[in-house]
Amino acid sequence: MALQVSPFPNGFVAGIHAVGWAFILPCFWFLDRIVALCKSTTQERTQRLEQGCSLHPLKVFFGFIIFFILFLATAPLGFLGFMLWAPLEACRRPFYYHRETPSSPEKETHRGFELVGKASFGFATANLCLLPDSLARFNNLGHTQHRAAVIGQHIVQGVCRPHICIFVDSPSSCGTLSASNSILPTVNSSSYGATDKHASQHSDSAEVHVSIPKSNSHVVCVPCDDTEEPSTDSPPLLYTNRNSNQQGRAGHRSAPRALLSQGLRQQDDVPWEVSPLFPANVDILCLEEVFDKRAARKLTQALKPVFGHVLYDVGVYACQPPCTCSSFKFFNSGLFLASRFLVLEAQYHCFHNSRGEDALAAKGLLSAKLLIGQNQKQKKVVGYFNCTHLHAPEGEGEIRCEQLNLVTKWIGDFQAANKLPDEDVAFDVLCGDFNFDNCSPDDALEQNHCLFEEYRDPCRAGPGKEKPWVIGTLLEQPTLYEDDINTPENLQRTLEREDLRKQYVSPPVPAEDCPLDYPETGQPWIGRRLDYILYRENSISKHCRTEVEEVSFITQLAGLTDHIPVGLRLNVVMDSAD
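Quick caveat, the model's predicted, so the values are computed rather than measured.

**What about the pattern of salt bridges?**
It is possible for side chains of opposite charge to pair when their charged atoms get near one another. Per the stated rule, a full pass over the model turns up 23 salt bridges. The closest approach of N and O atoms between Glu44 and Arg137, which form a salt bridge, is 2.7 Å. In this pair, Glu44 is assigned in helix 2 (residues 42-51) and Arg137 in the loop between helix 5 (133-136) and helix 6 (144-159), connecting sequence segments 93 residues apart. Owing to a relative accessible area of 11%, Glu44 belongs among the buried residues under this scheme. Across the salt bridge formed by Arg92 and Glu89, the nearest N and O atoms sit 3.0 Å from each other. A relative accessible area of 6% means that Arg92 is categorised as buried.

Okay, here's the thing in structure tokens:
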């Protein structure tokens, strides 16, 4: 049974809640503009220097006075709205659910298991820093509403591009290979509003129209002289369905050596790439720091033609019952989940141990059970997807470890409560911004957490040691608009060169009172990787086998966020015998 769309028990409560928020919004917006006027991004400061603008102090002075007067004038109405809005938060389900009615049922189901017993699933995660504009500027990012619309457009452009699969038959190397970015359409860098010098001229209410390509997949067969011809029994129809879920492979197959130079590379049996576009046909998308409600709605509007099921505005506000949240919550969790598949069940938990500025937001865990389709025996196939955003301040690993303990417990409880005997589980994925990396001495406590014994991290070689091809995902905020990283193509080239990468990716955090010796002799410079996509095998059906098809570090959001999105594609093979 699918989720109820409305988070409220009835329409009357929903109406009163909407009226209360409508009263709050003008007062909140004027306060937001007061702070935003006084805080400029480095891009805006550079533009003023280039234009020789000397009127900015007057703009700040008079703008501050005007917005402050308007703030005072709307404060009584805002207080009245707060008195209506805050009590009703206690009866609001902690997320909104948007469901887009598909033109046909097949568009939100996966037929790979039903037809051939195998399938491929794409996941992606990104921290977008969609805070209210005034607060986002402290991370050197502005124009939150415009960024949200542009980000949604770019994600759709990336995931809807044709998925070209190359088959290579060779005695030493065979398999499918997603075509590299060199043979795929790229997005004109001038369309990236946050990196355009004229971005500041766009209003926060800018609308972005998204066009979705109709074509999704193509197959290219490349036979070799010393091998047999490709089998005519192979099901090419699996690669022509609108969903990527029609794709799958049995057994592990390495990426062809002759094609590795095109962009997809392979080390330690894990194909990986730095891509200027989101992977084609992502099935489930997890976003963090989507704190702003209007930005969340803009993202939903942009993504809903592709991801028909969206959970947004996830979290709790105001004062909650004791032992649920630690303090008054001014912001939600910032979590945002978009899925091609039907959401059967969803549950949110709030961390109770947050401190400092993190305690103002309702960070926690969102767990969802998704309906994938059927297997060859007409048995229901489901998947579990979990996303979280852990405590941020450095040097507080004990808090993050306690939160990881809670994440492990809550995921186990959710799956135990919602698991049915007549269904198969195809995947169990956990992703999000963990706010610790696997190379900083200061994060040693989290690196050794038992969570990594249950969930596999394809980028991790062991506690405190990354695989040599891994790339850090946290960018240095003061340099976000430098020429080397302000477009997807430039950021891609920078990340692929170690000498440039270390200038723009945040370095590891040393342990207290200990000098940092990084990297070790003979090891590459990686930087802080805070964004994770993990998968677990011991919780899925016994006759399912999982392997990593590809790991992606995505540069398409250059200049729009201070994190590098990460993608993961998993192949799942389901044996016919129980």
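**Some details on the state of the cysteines**
Two cysteines whose sulfur atoms are joined by a covalent bond form what is called a disulfide. What the rule picks out here adds up to 0 disulfides. Cys401 supplies the cysteine sulfur nearest to Cys450, a cysteine that is in no disulfide, at a spacing of 8.9 Å.

**Some thoughts on the side chain of Ser339**
Mapped onto the fold, Ser339 is located in strand 10 (residues 336-339). Exposure remark for Ser339: the relative accessible area of 0% places this residue in the buried category. Side-chain polar atoms of Ser339 contact the backbone nitrogen of Phe341, separated by 2.8 Å.

**With respect to a nonpolar patch on the surface**
A surface patch of nonpolar side chains, about 1000 Å² in accessible area, is lined by Leu55, Leu58, Phe61, Phe62, Phe64, Ile65, Ile66, Phe68, Ile69, Leu70 and Leu72. Tracing the backbone through its elements, the reader meets Ile66 in helix 3 (residues 56-88).

**Things to note about the packing of helix 6 against helix 7 (residues 293-303)**
At a minimum axis distance of 8 Å, the contact between helix 6 and helix 7 shows a crossing angle of 25°. One way to sum up the angle between helix 6 and helix 7 is to call them roughly parallel. The way helix 6 lies across helix 7 gives a crossing that is right-handed. Across from Thr144, Gln145, Ala148, Ile151, Gly152, Gln153, Ile155 and Val156 in helix 6, the residues of helix 7 making contact are Arg294, Ala295, Lys298, Leu299, Ala302 and Leu303. For the contact of helix 6 with helix 7, a count of residues per class yields 8 nonpolar, 4 polar and 2 charged.

**Describing the pairing of strand 8 (residues 284-288)**
With 5 of 5 residues buried, strand 8 lies mostly within the body of the structure. A two-sided burial pattern is seen for strand 8, the buried positions comprising Ile284, Cys286 and Glu288 on one face and Leu285 and Leu287 on the other. Sheet topology note: the strand 2 (residues 118-127)/strand 8 ladder contains 5 bridges and is parallel. For Ala124, the partnering residue across the bridge sits in strand 8 and is Leu285. The pairing of strand 8 with strand 10 spans 4 bridges and is classified as antiparallel. For Leu287, the partnering residue across the bridge sits in strand 10 and is Phe336.

**Side note on the sheet that holds strand 17 (residues 531-535)**
The 5 strands lie next to each other as 11-12-13-14-17, forming an open sheet whose pairing is mixed. Across the chains shown, the open sheet's two edge strands, defined by having one partner strand only, are strand 11 (342-350) and strand 17. Pairs of neighbouring strands in the sheet enclose a mean axial angle of 15°, with direction left out of account. Across 5 bridges, the pairing between strand 14 (residues 423-433) and strand 17 is antiparallel. By the bridge assignment for strand 17, Cys431 is matched with Ile533.

Reading the values: the criteria
- Per chain, the residues get numbers from 1 upward, laid out in the order the sequence is written.
- Residue-level local features of this predicted model are given only where pLDDT is at least 70; pairs of side-chain atoms are given and counted only at 80 or more, and the full residue set underlies all totals for whole chains, interfaces and linings.
- Each side-chain value is derived from all of the structure's non-hydrogen atoms; neither hydrogens nor water enter the calculation.
- Salt bridges, as used here, are contacts in which a Lys or Arg side-chain nitrogen is within 4 Å of a carboxyl oxygen on Asp or Glu.
- The helix and strand labels rest on DSSP assignments: H or I over at least four residues marks a helix, E over at least two residues marks a strand, and numbering proceeds from the N terminus.
- Buried means the residue's accessible area, taken with a 1.4 Å probe over protein chains only, is under 20% of the maximum for its type, while exposed means over 50%, and partly exposed covers the values in between.
- What counts as a disulfide here is a pair of cysteine sulfur atoms lying within 2.5 Å.
- A 3.5 Å cut-off defines polar contacts: any pair of N or O atoms within that distance qualifies, except that in protein one atom must be a possible hydrogen donor and the other a possible acceptor, and neighbouring residues in sequence count only when both atoms are side-chain atoms.
- Each patch is built from salt-bridge-free residues with over 30% relative accessible area, joining like charges within 9 Å and nonpolar side chains (Val, Leu, Ile, Met, Phe, Trp, Tyr) within 5 Å.
- A 1.4 Å probe and the Shrake-Rupley method give the accessible areas. Residues count as covered only by the protein chains that appear here.
- Structural elements are reduced to axes, namely lines fitted to C-alpha atoms, with helices fitted over the stretch in contact, and the angle between N-to-C directions of any two is expressed from 0 to 180 degrees.
- Working rule for angles: under 35 degrees goes down as roughly parallel, over 145 as roughly antiparallel, 65 to 115 as roughly perpendicular, anything else as oblique.
- Crossings are assigned a handedness: left-handed for a near helix turned anticlockwise from the far helix by less than a right angle, right-handed for a clockwise turn.
- Pairs of residues are marked as contacts when any of their non-hydrogen atoms sit within 4.5 Å.
- Under the scheme applied, nonpolar residues are Ala, Val, Leu, Ile, Met, Phe, Trp, Tyr, Cys and Pro; charged residues are Asp, Glu, Lys and Arg; polar residues are all the others, including Gly.
- Two strands are said to pair when DSSP picks up at least two bridges between them.

What is shown is where atoms sit, not what they do.
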